[in-house]
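Residues per chain are reported as follows:
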Amino acid sequence: MTDPQLLEIAMLISFSVGWYASIFHMLRTGEASGKSRQFIMLVTIGYAFGCAAKLAVWHDGGALSWVFYVYFWNGLVCLADLFLVMHFTRRSRQLAHPA
């Protein structure tokens, strides 16, 4: 693994710590206030492009970088965050406006 790859992994791990903190806070409070589904989707798409870039290098005959797995993991974490935001937003609406 090259030095730039290590720096890229460090950047991605730093981002993932932020996602974990956000998810744990949401699970603890049971609220998704201040969270934007559009922003989370945009970041998830960014991680998908990161995965695609690593797969393109692999397809062109290069090695599949370990960075791919970090992008993939962060994408999954963002999808989990998106699911929780949708769940808690729906739940708070139901509690505010019971049927």
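Residues numbered from 1 in each chain as written. Predicted model: local features only at pLDDT ≥ 70, side-chain atom pairs only at ≥ 80, totals over all residues. Heavy atoms only, no water.

A.B. asks: Give a description of the side chain of S65 that names residues and reports values.
C.D. replies: When you line up the elements, S65 lands in the loop between α2 (37-59) and α3 (67-96). A distance of 2.9 Å separates polar atoms of two side chains, one belonging to S65 and the other to Q5. The residues contacting S65, other than those within four sequence positions of it, are Q5 and K54. (Helix = DSSP H or I, 4+ residues; strand = E, 2+ residues; numbered from the N terminus. Polar contact = N/O pair within 3.5 Å; in protein donor to acceptor, adjacent residues only side chain to side chain. Contact = heavy atoms within 4.5 Å.)

A.B. asks: Give a detailed account of the packing of aromatic side chains, specifying residues and quantitative values.
C.D. replies: Counted under the stated rule, the structure contains five aromatic pairs. Taking the centre distance of 5.5 Å and the plane angle of 50° together, the rings of W66 and Y69 count as tilted. A residue is classified by how much of its surface remains accessible, and W66, at 59% relative accessible area, is exposed. Centroid distance F68 to Y69: 5.2 Å. Interplanar angle 80°. Geometry classified as edge-to-face. (Phe/Tyr/Trp six-rings, centres within 6.5 Å; stacked < 30°, edge-to-face > 60°. Buried < 20%, exposed > 50% of the residue type's maximum accessible area, 1.4 Å probe, protein only.)

A.B. asks: Please set out the environment of W66 residue by residue, giving values where relevant.
C.D. replies: With respect to the helices, strands and loops of the structure, W66 is situated in the loop between α2 and α3. The spacing of W66 and K54 is 12 residues in sequence and 9.0 Å in space, taken between C-alpha atoms.

A.B. asks: Which residues make up the confidence of the model for the protein, and what are the values?
C.D. replies: The share of residues in the protein with pLDDT of 70 or more is 97%, and the mean pLDDT across the chain is 92. Confidence scores differ between elements of the protein, with helix α1 (residues 3-29) showing the lowest mean pLDDT of 92 and α2 the highest of 96. (pLDDT = per-residue confidence, 0-100.)

A.B. asks: Talk me through the pattern of salt bridges; I want residue IDs and the actual numbers.
C.D. replies: Counting across every chain of the model gives two salt bridges. Among the ionic pairs, E8 bridges to K54, the shortest N-O distance being 3.2 Å. Residue E8 is located in helix α1, and its partner K54 is located in helix α2; the two are separated by 46 residues in the primary sequence. Comparing E8 with K54, the two get one shared label, buried. Residue K35 is joined to D81 by a salt bridge in which the shortest nitrogen-to-oxygen separation is 3.0 Å. Separated by 46 residues along the polypeptide, K35 in the loop between α1 and α2 and D81 in helix α3 bring together distant segments of the chain. (Salt bridge = Lys/Arg side-chain N within 4 Å of Asp/Glu carboxyl O.)

A.B. asks: Please give an account of α1 that cites residues and values.
C.D. replies: Counted at 1.5 Å a residue, the expected span for α1 with its 27 residues is 39 Å, and the 39 Å between its end C-alpha atoms agrees. Every buried residue belonging to α1 is among E8, I9, L12, S16, W19, S22, I23 and M26, and all of these are buried. In this structure, the buried side of α1 is in contact with α2 and α3. Following α1 by one or two positions, G30 has its phi on the positive side, about 70°. (Expected span 1.5 Å × (residues − 1).)

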